[in-house]
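Chain and residue survey
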Amino acid sequence: MDLALAPETLARWQFGITTVYHFLFVPLTISLAALTAGLQTAWVRTGKEKYLRATKFWGKLFLINIAMGVVTGIVQEFQFGMNWSDYSRFVGDVFGAPLALEALIAFFFESTFIGLWIFGWDKLPKRIHLACIWMVSIGTILSAYFILAANSWMQHPVGYRINEANGRAELTDFWAVLSQNTTVTQVFHTLTAAFLTGGAFMVGIAAYHLARRKHIPVMKTSLRLGLVTVVISGMLTAVSGDILGKVMFRQQPMKMAAAEALWDGEAPAPFSLFAYGDVDEGHNKVAIEIPGLLSFLANDDFESYVPGINDTNEAEQKKYGPGDYRPNIPVTYWSFRWMIGFGMASFSLGLLGLWLTRKKFLLPRAHRVGEEEVPHLVLFRQPLSPKLTRIYWRVALWTLAFPLIASSWGWIFTEMGRQPWVVYGVLRTRDAVSPGVSQGEVLTSMIAFSLLYAVLAVVEVKLLVKYAKAGPPELTEADLNPPTKIGGHDRDPDRPMAFSY
């Protein structure tokens, strides 16, 4: 059978397509929930209408995003039983525990408070209603934590034993699974990247409206919040990525070597800026490098030794038996660079925007024409040409996509760099597929899911574009005068509810 169409390869493609697509919604869900909660907190504390309108605007986009995320996430569970039944049988006792907690605690917790938040605008007092959106935010973080704990166990299995009688992995220490350094660092890195995504999303949409001189009070506030979020989370993403890289070096040396196309161990080891090589021969033909930097990133020491791909492959052959333990080197190498490149581009553009707006430069302000105030945009202390202004806003708009691209490549790197293992050092990917699923069945389901996700992508983009372009809603009387006790106002039954999404 052609290896490119083997059930294992097709199952991996299907899982990769659906997982990367699903993860586009995850960082936005996590960050928009918290940012919306922050804006609502500002409204409760100050009573300013711009914060309430911003809360409703970003809350609407958050709800669209989380609805799509739930739909696409359900497919992930089915795939384990459909294409990866041997994996489910072997590690279900361990892998299923954090996923069960995610569903039973985090997901239902999150869903309950989403319902209260959506329908409680004119039923709950302001502070109780505010608490609901904060509970939603906590729920999204808990969901991420449990799922990342399961994935981290695949990267570095702990807290288990192999039952030789039934050939299964059994959980022995659930706390070790939840608290191991792989889990903690991966959660830290994922959350900071999520807020980089949410901040850039805010910057892009706010820039779109400000460039058109629309909804200026709300969008100025959103732009500043987005820029601050991008800069802070960008710095924390770099810090958390460095910590995660050191953990990866100790636990998965092959992934580190593949990420740098380091074929043979070196001391000091260079960081690769660009490399082109021969995978079969195991060497680079072209290499542009920064001497010693990889040693520092791996060990905080510019002179330390870092093993290469060839060295690690030989060591793993001695430990695990004959075979090729190298991942796909080009995919691992370039996905690592695309992840870093798009992430740093987002941070840099956010830092530039924050500097430009440090004294409200680049933000709309009014000048008088006769008796009428007309908003205009200024850069620095003197207005620049309209052409340059348009260029800046266009770049700011496209900034919203960069962290999503970086996150997608980051997960491709994380999963592809672990190959040929599905559970590192314990279970190979080829041994995890469903033995009774044929090539035609996997191909059919992969095509069906890909087409379905393409349709969902069109729906998602159209909904987000529609409501993002519409801008923040106008406020109702009930919005401005929420109830002071549970149960709401004594309303006229003919008056529409305050829920105006």
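Heads up: these notes are all about the structure in this document. Since the structure is predicted, the reported quantities are computational estimates derived from the model, not experimental observations. (Residues numbered from 1 in each chain as written. Predicted model: local features only at pLDDT ≥ 70, side-chain atom pairs only at ≥ 80, totals over all residues. Heavy atoms only, no water.)

This next bit is on the pairing of strand β2 (residues 168–171). Across 4 bridges, the pairing between strand β1 (residues 160–163) and β2 is antiparallel. Its bridge partner being in β2, Asn 163 is matched across the sheet by Arg 168. In sequence, β1 turns back onto β2 through a hairpin of 4 residues, with Gly 167 there showing a positive phi of about 65°. (Pairing = 2+ DSSP bridges. Helix = DSSP H or I, 4+ residues; strand = E, 2+ residues; numbered from the N terminus.)

Before going further, it helps to examine a nonpolar patch on the surface. Side chains of Leu 273, Phe 274, Tyr 276, Val 286, Ile 288, Ile 290, Trp 334 and Trp 338 sit close together on the surface and give an oily, nonpolar patch of about 750 Å² of accessible area. Elements that contribute at least two residues to the nonpolar patch include exactly β3 (271–278), β4 (283–290) and α12 (329–356). Residue placement: Tyr 276 occurs in strand β3. (Patch = residues over 30% accessible without salt bridge, like charges linked within 9 Å, V, L, I, M, F, W, Y side chains within 5 Å. Areas by Shrake-Rupley, 256 points an atom, 1.4 Å probe, with all protein chains shown as cover. Salt bridge = Lys/Arg side-chain N within 4 Å of Asp/Glu carboxyl O.)

Turning next to the pattern of salt bridges. Across all of its chains, the model carries 7 salt bridges by this definition. A salt bridge links Lys 123 to Asp 122, with the shortest nitrogen-to-oxygen separation between them at 3.3 Å. Residues joined in a network through salt bridges with shared partners are Asp 242, Lys 246 and Asp 300.

Let us now look at a negative patch on the surface. The grouping of Asp 264, Glu 266, Glu 289 and Glu 314 at the surface amounts to a negative patch. Position of Glu 289 relative to the elements: it lies in strand β4. (Lys, Arg positive; Asp, Glu negative; His and termini not counted. Charge placed at Lys NZ, Arg CZ, Asp CG, Glu CD.)

A word on the environment of Lys 60. For Lys 60, the location among the structural elements is in helix α3 (residues 49–82). On the basis of relative accessible area, Lys 60 is assigned to the buried category, the value being 12%. A sequence separation of 407 residues divides Lys 60 from Tyr 467, and the C-alpha atoms of the two residues are 7.9 Å apart. (Buried < 20%, exposed > 50% of the residue type's maximum accessible area, 1.4 Å probe, protein only.)

Ranked by size, the top nonpolar core spans 48 residues in total, and within it Trp 58 and Phe 62 carry the most contacts. Broken down by secondary-structure element, the contributors of at least two residues to this core are α2 (25–46), α3, α4 (85–119), α5 (126–155), α7 (181–211), α8 (216–251), α13 (386–398) and α15 (439–470). For this core, the leading source of residues is α3, giving 10 residues. Once residues lying within four places of it in the same chain are set aside, the contact partners of Trp 58 are Leu 32, Thr 36, Leu 39, Phe 201, Met 202, Ile 205 and Ser 222. (Core = buried A, V, L, I, M, F, W, Y, C linked by side-chain atoms within 4.5 Å. Contact = heavy atoms within 4.5 Å.)

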